Every structure is written in structure tokens, then in C-alpha cells.
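Topology and contacts: notes
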Amino acid sequence: IKTIGVLTSGGDAPGMNAAIRAVVRTAIARGLKVKGIKKGYQGLLNEEIVDMEAKDVSDIIQRGGTILGTARCLEFKEAEGQKKGAEICKKHGIDGIVVIGGDGSYRGAQALSRLGINTIGLPGTIDLDIACTEYTIGFDTAVNTAMQAIDKVKDTSSSHERCSIIEVMGRNAGYIALWCGIANGAEDILLPEKYDYNEQNIINNIITNRKHGKTHHIIINAEGIGHSTSMARRIEAATGIETRATILGYMQRGGSPTAKDRYYASIMGAYAVDIMLEGKTNRVVGYQHGEFIDFDIEDALQMEKGINDYQFEVSHLLSI
Ligand code: ATP
């Protein structure tokens, strides 16, 4: 392997820049050439490929988003597009690619690997919904951003003795909601993996809390459940307590990455280059039990994970 490419794909996540920087600098330190591929697989097909030197990644570790840009590319889901992508890699002398993204992006990496381009995936998503790893690049920053926003909503909610429903991101996974629920001391936490869609339980909980003298009632609702605004209307009608919905939205995806995201993304970026140099391909990097490890992409995609029952139970115990 003489030249490697790096791309970011799927949704952006804070810490992706730290990973790009680590890939570029580790590769250069190991004597490789590096090419940055802009806008994910779409940029590969459009040949938006630039040479990258160590200085091209200076002053980016603290920036949110991804300097390479990201995109979704339907054409790359087709065999024809994948073949074209592999040919473009060969034309540019790219022997391997580090793909930073989610499950969908690993499918693309798998396809390229079958066509002779060595690929290593890094878990880049704020949602933490990648089964082979306990950590994904961007989750820590997103949770901290959401937690700080929820603290602010809680201040005004208490002052006005309101009930607040705050909707956080995470797509079909409830990890951001669970973490915020515990970190913000929410009264109710609604997770797609656990919610029974029984609003009467929430209503009863609000009424009981009010009787016990609580001035606020914070409900963290996960994006995968959604409908926060209509839920607020129904809860207000049933309880007579003013209820507002706040949907935090894309602000959770932006901002300067936390130390944890910068640190883990840096190690993972370096690790990806080093295992590629060992001859590995079609692998995805994960973090489990204190170690950085790697899995076959197909095996990783077959794995499943869910919300830890004990941690979910604790979130209830602490909300009385
Ligand atoms: P996120 O979870 O942040 O959205 P993701 O990587 O799962 O990230 P997707 O939109 O699923 O996001 O995938 C990103 C890109 O990866 C797609 O636009 C497409 O180019 C490529 N991709 C997705 N699925 C496949 C597939 N089955 N085969 C080849 N390429 C794929």
C-alpha cells in the first residue's frame, strides 16, 4: 500500500475532523501518500479528490462537521456505481480507503473491498447505533450539547412551573435520550426501544409529581418516537398544566468536539491506517471493554445491541 484515501459519509458528526487529521498524519508518518475524497461516495464518483499534506489538517481538530464534506449517494448502492468507484480509485493510485460513517457507509466500503480496494470503516455517528462498538465518534459531543440545552430549558420550565417535552436526536436509537435523561435528571424518558406508547402513565406521573411539590416536569423524548408537539397538546389538555415542546434538532450535530471525541477519534484514525498497513481490509474499528478492536464488516453489520436494562431502570429510580 502506497496511497490511501479518506472520506466521510452519511450524517456528519463532531470529531470526524479529528479522525481525518489522524488518518492523514499517521499515513504520512508511515511513509504513505494521502488523498482526501470530498463529499463521500458521491465525491469519489465525481473525482473530487485532492492530495493531502500534514498541514492541510492543521487547526481542524477543534472544529465540528467534516472538512471533507459528506453526502448520501444512491448511485453507489448499485453495482455499476461501485465498479466505477473502484476504477476511479485505481486511476488515482488509491490502494485503500478509510471510510468514516455509519452502517450504510460500511456497505459501500464492503463493496469496494470486494473490488480490490482495501477498506477500513470508522464509526462516525452521533446516534451510537453501531452494534460492534461502545463508542461512536460524535456521540459524546452531541450528548453534552443536548444536556446543556436541556439545562437551560429546565430553568425556564421551573420558573413558569411548566411541563417540558424536549426531543433529542438519535434516529431509531434512544442512547442520546437515555444519557440526557439521566444527566439532566428528567422525570420521564421516552426511548423507542422501551416506550409502551401509554401516555396515561406520563400524565399520571406529572399529576403525582405536582402533588409532591415538583415545580417542573421534564420529559426527554427520542426522535424515534417524535410527535412531541402533539404530545404536549394532549398532556396539557389532560393535566391542565402548561406544556411546551422543544425540538433540539441539528444544533446537536454541530459544535466543537469534546476531549473524548477528539481523543478517541484520533486513536481510531491512527488505528485504521495501521491495521490497513498490516494487510487488513473490509474491517470496521470499534471500542469495547477499554480496547480499540476491529471486526469483519459483515460480522459487524450482523451484530445487535440495545439499551441496557439496568441503566434504564436506574433512570426511573432517580426520577422520583
Ligand atoms: P448515518 O448513520 O450517519 O446516516 P450511514 O453511513 O449509515 O450514516 P447512509 O445514508 O445509510 O448513512 O449511507 C451513506 C452512504 O453510503 C450512502 O449514501 C451510499 O452512498 C453508501 N451506501 C449505503 N448503503 C449502501 C449499500 N448497501 N451498498 C453500497 N453503498 C451504500
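A short tour of the structure in this document, coming up. (Residues numbered from 1 in each chain as written. Predicted model: local features only at pLDDT ≥ 70, side-chain atom pairs only at ≥ 80, totals over all residues. Heavy atoms only, no water.)

**A short note on the layout of surface pockets**
Roughly 670 Å³ of volume is contained in the largest pocket. In terms of lining, the largest pocket is formed by 32 residues, of which the most central are Gly10, Arg72, Asp103, Gly104 and Ser105. If one sorts the elements of the lining of the largest pocket by residue count, helix 4 (residues 103-114) sits on top with eight residues. When grouped by side-chain class, the residues that make up the lining of the largest pocket number nine nonpolar, 12 polar and 11 charged. (1 Å grid on protein atoms, 1.4 Å probe; cavity = no way out; pocket = protein on both sides within 12 Å on 5 of 7 lines; lining within 4 Å. Points joined across faces, edges and corners; volume = space filled by probe spheres on them. Helix = DSSP H or I, 4+ residues; strand = E, 2+ residues; numbered from the N terminus. Nonpolar A, V, L, I, M, F, W, Y, C, P; charged D, E, K, R; others polar.)

**Some words on the packing of helix 7 (residues 199-211) against helix 8 (residues 228-239)**
Their axes nearest at 10 Å, the elements helix 7 and helix 8 cross at an angle of 50°. With respect to their mutual orientation, helix 7 and helix 8 come out oblique. Crossing hand, helix 7 versus helix 8: right-handed. On helix 8, the residues that touch Glu199, Ile202, Ile203, Ile206 and Ile207 of helix 7 are Met231, Arg234, Ile235, Ala238 and Thr239. Across the contact of helix 7 with helix 8, the residue classes tally to seven nonpolar, one polar and two charged. (Axes fitted to C-alpha atoms, helices over the stretch in contact; angles between N-to-C directions. Parallel < 35°, antiparallel > 145°, perpendicular 65-115°, else oblique. Left-handed = near helix turned anticlockwise from the far one by under 90°. Contact = heavy atoms within 4.5 Å.)

**Digging into helix 9 (residues 259-277)**
With 19 residues, helix 9 extends 27 Å from end C-alpha to end C-alpha; this agrees with the ideal 27 Å at 1.5 Å per step. Downstream of helix 9 by a residue or two, Gly279 has a phi angle that is positive, lying close to 100°. (Expected span 1.5 Å × (residues − 1).)

**Points about the pairing of strand 4 (residues 96-101)**
Burial runs high along strand 4: six of the six residues are buried. By the alternation rule, side chains of strand 4 split into Gly96, Val98 and Ile100 and Ile97, Val99 and Gly101, which are all buried. Here strand 1 (residues 3-8) pairs with strand 4 via five bridges, running parallel. Considered in strand 4, the bridge of Leu7 is made with Val99. In the sheet, strand 4 pairs with strand 5 (residues 118-123) via six bridges, with the strands oriented parallel. Residue pairing for strand 5: Gly96 is matched across the bridge by Asn118. Running through helix 4, the crossover from strand 4 to the neighbouring parallel element strand 5 is right-handed. (Buried < 20%, exposed > 50% of the residue type's maximum accessible area, 1.4 Å probe, protein only. Pairing = 2+ DSSP bridges. Right-handed = clockwise from strand over helix to strand, strands pointing away.)

**Looking at the site of the ligand**
The environment of the ligand is made up of 16 residues, and the closest members are Arg72, Cys73, Gly102, Ser105 and Arg171. At 2.6 Å, a side-chain N or O of Arg72 approaches an oxygen atom of the ligand. Taking Cys73, its main chain carries an N or O atom lying 2.6 Å from an oxygen atom of the ligand. For the ligand, whose free accessible area comes to 620 Å², the fraction covered by protein is 84%. Under a 2 Å grid-point criterion requiring more than half of the atoms, the pocket assigned to the ligand is the largest pocket. For the shell around the ligand, the leading source of residues is helix 4, giving five residues. Here the residues of the shell around the ligand sort into three nonpolar, eight polar and five charged. (Near = heavy atom within 4 Å. Polar contact = N/O pair within 3.5 Å; in protein donor to acceptor, adjacent residues only side chain to side chain. Areas by Shrake-Rupley, 256 points an atom, 1.4 Å probe, with all protein chains shown as cover. Sits in = over half its atoms within 2 Å of the grid points.)

**Regarding the environment of Asp95**
Within the element layout of this structure, Asp95 appears in the loop between helix 3 (79-91) and strand 4. Taking the relative accessible area as the measure of exposure, Asp95 reaches 28% and is therefore partly exposed. Measuring from C-alpha to C-alpha, the distance between Asp95 and Asn17 comes to 22 Å, with 78 residues separating the pair along the chain. The residues touching Asp95, leaving out its near neighbours within four places in the chain, are Ile1, Lys2, Thr3, Gly116, Ile117 and Asn118.

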